[in-house]
Each structure stands twice: as C-alpha cells, then as structure tokens.
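# Analysis of the macromolecular model
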Amino acid sequence: MGQKINPLGFRVNISQNHYSIWFAQPKDYSKGLQEDKKIRNYIMNYAQKRMKELVKKFQLRLDDSPKGIGIARIEIKKNQENPIIKEKGIRNIRKRMSMLKIIKIKIYTGFPIPLIKTITKRRKKVSKNKMNLQEELKINLQKEFNWVPPKQLYIDIIRIKKPYGHSTILAEFIALQLKKRISLRKIMRQAIKFSKEANTKGLKIQIAGRIQGKEKAQIKWIQTGRVPLQTIRAKMDYCAYSVRTIYGILGIKIWIFIGDK
C-alpha cells in the first residue's frame with residue numbers, strides 16, 4: 001500500500017511557500033499556531049455572514065449569487081520591529097519576541113463580494129467603499145483577539161483573476177452543487193470546463209461518501225491531463241473539503257497541476 005502525503009507539505013520551500021510566516025520559541029509555538037487557525041476561521045465565518053446578509057438584503061436567487069465565498073487562501077505574516085538590542089543570547093531573543101508589533105494578513109479571493117460588498121440588482125449598482133469593510137474587519141479582529149497598541153494589524157484583500165484555477169474555490173463550487181443534488185456527471189463536467197478555462201495543466205477530483213443518496217458509500221474520481229504527484233518540481237494545488245448533505249457527509253479532494261517550476 002502506498003504511503004500518502006499532503007502534496008503541499010511535500011513541496012514546501014521548493015515550489016510551495018508557507019501560509020504562515022513567523023518565528024516563536026518552542027513554548028509559545030502552539031499558541032501562535034492556534035491563533036493562526038482562529039484568525040482563518042474568523043475571517044471565513046465573517047465572509048459567510050456577509051454573504052448571507054447580502055443575499056437576504058437584495059433578495060438574490062441562487063443563480064445570481066456568487067459560487068460560494070471564494071477565499072482561496074489566507075496568508076499571515078507576523079513581524080517585529082528591529083530595535084538596537086546590544087545584549088546577546090536567549091535574553092536578547094526573548095526581548096525581541098516580546099516586542100512583536102506588526103501582523104499582516106493577505107486574503108486571496110476569487111469572488112470579493114462578501115468582503116468588498118459590491119452587487120448588482122435591477123441594473124442599479126449598490127456599492128460600498130472597499131476600505132470601509134477592510135477597516136470593519138480589522139476592528140472586529142482586534143476586538144476578538146484583544147490586539148491593542150503597540151500591536152498593528154494590516155489587512156489586504158487580493159483579487160484572483162482565474163478563481164477556478166485554485167483547488168479550494170473549485171471544491172467549494174462542487175460542494176454547493178452537491179447540496180443542490182445535481183447529477184454527479186454534470187458537476188464533474190462543469191469542474192473540468194472551469195479548470196480548463198483557468199489554463200491548468202491537469203486536474204484530479206475524488207468524491208467519497210453516500211453519493212446521490214446511495215445506501216453504500218463509494219468513491220468516485222475523475223482525472224484529466226497530467227497530475228504528477230511524485231515530481232517535486234511540479235507545482236501542485238491541493239484541497240481536502242467536506243460538505244454536509246441530507247444523505248450525510250461527503251469528502252471532496254482536488255489536485256490541480258499548475259506547471260513545472
């Protein structure tokens with residue numbers, strides 16, 4: 001039996017970068033890791049809440065609303081100022097870590113409606129300033145995590161040109177279609193079409209569980225193009241996503257081959 005490994009962790013520092021960039025002492029590392037997870041969960045929940053408010057406010061149909069939240073990834077970078085500290089050794093490192101001041105969050109999104117709040121109804125465009133919502137999210141994060149000066153928080157929302165070239169957004173689209181009980185073949189065809197439009201070189205989709213309400217759980221998969229999992233120089237995108245349907249929980253895995261580095 002083959003030993004499975006996460007394609008992203010397998011390629012870190014070769015063709016894949018870290019999503020969290022910071023340094024911590026061993027005793028503080030777990031706290032920083034948990035904080036990063038809480039930040040990502042909070043931003044995802046915030047975007048979901050915004051999306052529900054917009055759909056309810058403008059009475060949108062499911063076809064008019066974007067295909068999910070569309071957040072591909074969230075990068076967190078924690079920096080510290082560089083004061084002149086003449087002391088050397090462990091005491092010097094502890095002083096530097098205690099002076100942590102700058103936190104930068106980059107949100108890569110394909111459908112920025114939940115975060116930017118721009119929408120169309122009856123040919124009239126209702127929009128709100130992008131910076132206002134960024135400031136609102138910033139204030140909410142500061143309250144939630146009790147970040148007070150001298151800590152500084154910077155949030156940047158980056159629009160992705162080809163959203164379906166990212167595994168997380170494609171998995172979210174498939175999950176929404178499965179919730180609507182659309183035929184699996186149709187979902188697969190649409191996913192392959194969107195992936196080709198994003199100029200990807202290969203795609204593999206695997207769905208497991210009680211698909212379309214069948215009594216016995218099964219695994220369905222489809223592949224198009226090249227998906228070289230064992231080639232380290234190959235730049236891959238991977239996502240494991242779960243969706244709750246009326247038949248039970250389904251698991252979705254997506255591998256996308258972007259190209260050689």
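In short, a report on the structure. Worth saying up front: this structure is predicted, and the values here are computed from it rather than measured.

## Concerning the packing of helix α6 (residues 167-179) against helix α7 (residues 184-197)
α7 packs onto α6 with a crossing angle of 155 degrees between their chain directions and a minimal axis gap of 10 Å. By the criterion of interaxial angle, the relationship of α6 to α7 is roughly antiparallel. Considering the relative orientation of α6 and α7, their crossing is right-handed. Every residue of α7 that contacts α6 at Leu 170, Phe 173, Ile 174, Gln 177 and Leu 178 is listed here: Leu 184, Ile 187, Gln 190, Ala 191 and Phe 194. Broken down by class, the residue content of the contact of α6 with α7 amounts to eight nonpolar, two polar and no charged.

## So, α6
Along its 13 residues, α6 runs 18 Å from first to last C-alpha, staying within 8% of the 18 Å computed at 1.5 Å per residue. Among all positions in α6, only Ser 167, Ile 169, Leu 170, Ala 171, Glu 172, Phe 173, Ile 174, Ala 175, Gln 177 and Leu 178 are buried. In the segment just after α6, Arg 181 is the residue with positive phi, at about 60 degrees.

## Quick word on the side chain of Thr 200
Relative to the helices and strands, Thr 200 is located in the loop between α7 and β7 (202-209). Note on Thr 200: relative accessible area 18%, which makes it buried. Other than its neighbours up to four places away in sequence, Thr 200 contacts Gly 165, Ser 195, Ile 256 and Phe 257.

How each quantity is defined
Residues numbered from 1 in each chain as written. Predicted model: local features only at pLDDT ≥ 70, side-chain atom pairs only at ≥ 80, totals over all residues. Heavy atoms only, no water. Axes fitted to C-alpha atoms, helices over the stretch in contact; angles between N-to-C directions. Helix = DSSP H or I, 4+ residues; strand = E, 2+ residues; numbered from the N terminus. Parallel < 35°, antiparallel > 145°, perpendicular 65-115°, else oblique. Left-handed = near helix turned anticlockwise from the far one by under 90°. Contact = heavy atoms within 4.5 Å. Nonpolar A, V, L, I, M, F, W, Y, C, P; charged D, E, K, R; others polar. Expected span 1.5 Å × (residues − 1). Buried < 20%, exposed > 50% of the residue type's maximum accessible area, 1.4 Å probe, protein only.

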